[in-house]
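A closer look at the structure
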Amino acid sequence: MSAPERIPPRSVTTAELLARGELKVHGRIREASNAVLYCSVSYEGREAFCVYKPVAGERPLWDFPDGTLAQREVAAYEVSEATGWGLVPTTVLRDGPYGEGMCQMWIEPSATEDGEGLLALVPGEEPAEGWKAVGFAEVGEGETALLVHADDARLRRLAVLDAVINNADRKGGHLLPAQEGRLYGIDHGVTFNAENKLRTLLWGWAGEPLTDEALQVLASLRDALAPGAPLATRLAELVTPAETEATRERVESMLASGKHPEPSGDWPAIPWPPV
């Protein structure tokens with residue numbers, strides 16, 4: 001009699017782990033303006049650390065009255081995944097110890113790179129080679145310095161994503177260099193507004209032609225956002241119809257111009273505080 005066939009254990013995906021795993025709260029990240037809890041999550045033998053942001057801990061925002069910040073965080077992840085760039089850590093909407101909230105994979109920082117290497121304040125009026133100018137910042141009484149960011153392909157992709165999702169709060173502290181040269185963006189609770197609210201430290205490419213890669217990604221997003229397409233259907237569960245339509249319009253506008261957007265002048269272009 002032959003031995004029974006051994007079925008290898010099923011591999012648990014990161015999304016399954018976050019959505020179905022048991023959450024254990026270890027502490028609160030105090031610097032955040034809303035409730036952000038540092039947790040571990042375990043499911044079918046796999047365990048990891050994550051961030052859990054319960055809706056109950058969100059502060060109401062007058063200019064983002066619809067839905068929740070948690071839903072917008074998940075929507076940003078869904079669009080990031082549709083680009084193929086993987087710029088946002090895996091993020092799900094789930095119930096937790098304090099009710100429904102966003103659960104996002106914890107990103108271990110790179111041992112060789114930090115966010116400060118991507119942004120800098122420098123003297124003078126022109127950026128050095130390998131850097132892009134954002135604008136002048138006051139650093140003391142009557143003193144200014146030039147705010148610059150690295151001319152980095154990862155940041156450039158993130159600038160495109162931010163323009164698509166209408167990120168109103170791209171700060172330096174929201175840039176996470178990770179292992180193997182990866183770069184992630186986090187904190188996407190104030191995104192997808194139907195009005196133009198893009199605020200970012202990544203204006204260095206404003207008005208410049210988009211890369212061929214970015215144009216291909218935007219064309220793919222246009223298809224994915226068509227009514228009835230999977231991404232459009234998913235966004236309809238997370239943001240309002242007007243916000244979904246505005247996302248389509250932003251993609252179309254970038255494809256039509258072929259350029260990175262520029263500050264509108266109707267809204268502060270740089271978030272405060274910038275870190």
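1. Topic: the overall build of the protein chain
Of regular secondary structure, the protein chain possesses six helices and 10 strands. Relative to its length of 275 residues, the protein chain is compact, with a C-alpha radius of gyration of 20 Å against a globular reference of 19 Å. For the C-alpha atoms alone, the extent of the protein chain along its principal axes is close to 80 × 45 × 40 Å. Taking all 275 residues of the protein chain together, the buried fraction comes to 46%. Considering only intrachain contacts with a sequence separation of at least 6, the fraction spanning at least 24 residues in the protein chain is 65%. When the accessible surface of the protein chain is summed, it comes to about 14500 Å², and 51% of that surface belongs to carbon and sulfur atoms. With 25 positive and 42 negative side-chain charges, the protein chain shows a separation of 5 Å between the mean positions of the two kinds.

2. Structural notes on the environment of asparagine 167
With respect to the helices and strands, the residue asparagine 167 is situated in the loop between helix 3 (153-165) and strand 9 (175-177). Along the backbone, asparagine 167 and threonine 191 are 24 residues apart, and their C-alpha atoms lie at a distance of 4.5 Å.

3. Let's talk about the pattern of salt bridges
Applying the stated criterion to the full structure yields 15 salt bridges. A salt bridge links aspartate 152 to arginine 154, with the nearest nitrogen and oxygen atoms 2.8 Å apart. Neither aspartate 152 nor arginine 154 differs from the other in exposure class; each is buried. The partner of glutamate 252 in a salt bridge is arginine 222, and the shortest N-O contact between them spans 3.6 Å. Residue glutamate 252 is found in helix 6 (residues 241-257), and its partner arginine 222 is found in helix 4 (residues 212-224); the two are separated by 30 residues along the sequence. Residue class for glutamate 252 comes out partly exposed when judged on its relative accessible area of 36%.

4. Notes on the sheet that holds strand 1 (residues 22-28)
Pairing in this open sheet of five strands is antiparallel, and the strands run 1-2-3-5-4 from one edge to the other. In this open sheet, the two edge strands, each paired with only one partner strand, are strand 1 and strand 4 (91-96). Across the sheet, the mean angle separating the axes of adjacent strands is 40° when strand polarity is ignored. The pairing of strand 4 with strand 5 (residues 99-105) spans six bridges and is antiparallel. Across the sheet, leucine 93 pairs through a bridge with methionine 102, a residue of strand 5. Sheet contacts for helix 2 (residues 69-83): strand 3 (46-54), strand 4 and strand 5; angle to strand 4, the most-contacted strand, approximately 150°.

5. A short note on the side chain of threonine 90
Along the chain, the position of threonine 90 falls in the loop between helix 2 and strand 4. When its relative accessible area of 17% is taken as the criterion, threonine 90 is described as buried. In this structure threonine 90 touches Thr14, Ala15, Leu18, Tyr77, Cys103, Gln104 and Met105, once residues within four positions along its chain are discounted.

6. A few points about the confidence of the model for the protein chain
Averaged over every residue, the pLDDT of the protein chain is 92; residues scoring 70 or more account for 95%. In this model, residues 1-7 is a region of pLDDT below 50 whose contacts with residues beyond four sequence positions or in other chains number zero contacts.

Reading the values: rules and limits
- Residues numbered from 1 in each chain as written.
- Predicted model: local features only at pLDDT ≥ 70, side-chain atom pairs only at ≥ 80, totals over all residues.
- Heavy atoms only, no water.
- Helix = DSSP H or I, 4+ residues; strand = E, 2+ residues; numbered from the N terminus.
- Rg over C-alpha atoms; globule rule 2.2 N^0.38 Å.
- Buried < 20%, exposed > 50% of the residue type's maximum accessible area, 1.4 Å probe, protein only.
- Contact = heavy atoms within 4.5 Å.
- Areas by Shrake-Rupley, 256 points an atom, 1.4 Å probe, with all protein chains shown as cover.
- Lys, Arg positive; Asp, Glu negative; His and termini not counted.
- Charge placed at Lys NZ, Arg CZ, Asp CG, Glu CD.
- Salt bridge = Lys/Arg side-chain N within 4 Å of Asp/Glu carboxyl O.
- Pairing = 2+ DSSP bridges.
- Axes fitted to C-alpha atoms, helices over the stretch in contact; angles between N-to-C directions.
- pLDDT = per-residue confidence, 0-100.

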